[in-house]
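This is what each chain is made of:
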Amino acid sequence: MFNNMIKIKSSEYSTICETVKIKGTINNPLMFLEVKGSIKGAVRVKILVIKETGSITGSIEAELLMVNGQFDGKASVSEITIGSKGIVKGDIEFSNNFINEDGAKIDAEIRKK
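Reading guide: rules and limits
Residues numbered from 1 in each chain as written. Predicted model: local features only at pLDDT ≥ 70, side-chain atom pairs only at ≥ 80, totals over all residues. Heavy atoms only, no water. Helix = DSSP H or I, 4+ residues; strand = E, 2+ residues; numbered from the N terminus. Buried < 20%, exposed > 50% of the residue type's maximum accessible area, 1.4 Å probe, protein only. Contact = heavy atoms within 4.5 Å. Phe/Tyr/Trp six-rings, centres within 6.5 Å; stacked < 30°, edge-to-face > 60°. Salt bridge = Lys/Arg side-chain N within 4 Å of Asp/Glu carboxyl O. Pairing = 2+ DSSP bridges.

**Some details on the overall build of the chain**
Here comes step 1: Along the chain, the regular secondary structure elements total zero helices and eight strands.
Here comes step 2: Element order for the chain, N to C, with α for helix and β for strand: β-β-β-β-β-β-β-β.
Here comes step 3: A burial count over the chain gives 39% of its 113 residues as buried.
Here comes step 4: By sequence separation, contacts in the chain at least 24 residues apart represent 9% of the contacts at least 6 residues apart.

**A short note on the packing of aromatic side chains**
Here comes step 1: Tallying each qualifying case throughout the model produces two aromatic pairs.
Here comes step 2: Considering the side-chain rings of Tyr13 and Phe32, the 5.0 Å spacing of their centres and the 40° angle between planes classify their relative orientation as tilted. Of this pair, Tyr13 sits in strand β1 (residues 13-16) while Phe32 sits in strand β3 (residues 26-35), placing them 19 residues apart in sequence.
Here comes step 3: Judged by centre distance (5.6 Å) and plane angle (35°), the rings of Phe94 and Phe98 are tilted.
Here comes step 4: Exposure remark for Phe98: the relative accessible area of 25% places this residue in the partly exposed category.

**Quick notes on the pattern of salt bridges**
Here comes step 1: Scanning all chains against the criterion turns up four salt bridges.
Here comes step 2: A salt bridge links Lys51 to Glu34; the shortest N-O distance between them is 3.8 Å. Residue Lys51 is found in the loop between β4 (38-50) and β5 (55-67), and its partner Glu34 is found in strand β3; the two are separated by 17 residues along the sequence.
Here comes step 3: Close ionic contact of Glu109 with Arg111 constitutes a salt bridge, the shortest N to O distance being 2.8 Å.
Here comes step 4: The partly exposed category is assigned to Glu109, whose relative accessible area is 47%.
Here comes step 5: Among the charged side chains, a salt-bridge network with shared partners connects Glu34, Lys36 and Lys51.

**Describing the pairing of β5**
Here comes step 1: In terms of strand pairing, β4 meets β5 through eleven bridges, oriented parallel. Counted as the bridge partner of Ile47 is Leu64 from β5.
Here comes step 2: Relative to strand β6 (residues 70-82), β5 runs parallel, the two being bridged by twelve bridges. Across the sheet, residue Gly58 finds its bridge partner in β6, namely Gly73.

**Focus: the environment of Gly103**
Here comes step 1: With respect to the helices, strands and loops of the structure, Gly103 is situated in the loop between β7 (87-100) and β8 (105-112).
Here comes step 2: C-alpha of Gly103 to C-alpha of Ser38: the two residues are 65 residues apart in sequence and 22 Å apart in space.

Rendered as structure tokens:
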């Protein structure tokens, strides 16, 4: 999936559960964040996984991004994978790898940095 597997300490791993809704900013460039709920705002983390039940509306800065849920906004990433159930709208800027699986729904401007 990702070319550069990164070691993450358990203290740097967080999950936003399905019932949680966040409005605001998440800023921890060392964090591995898994989103099953929803976020409206800016997210800056090392690794971001948006699960099938998850959604983010806003901006994303991450080294690695995997979208299996919904994203609407602007993303600046090194590597991105949009899974078969992923829905992406907005602007995507990536520097290394862009992968989209069959079934992914993409309505975005996509640029390589």
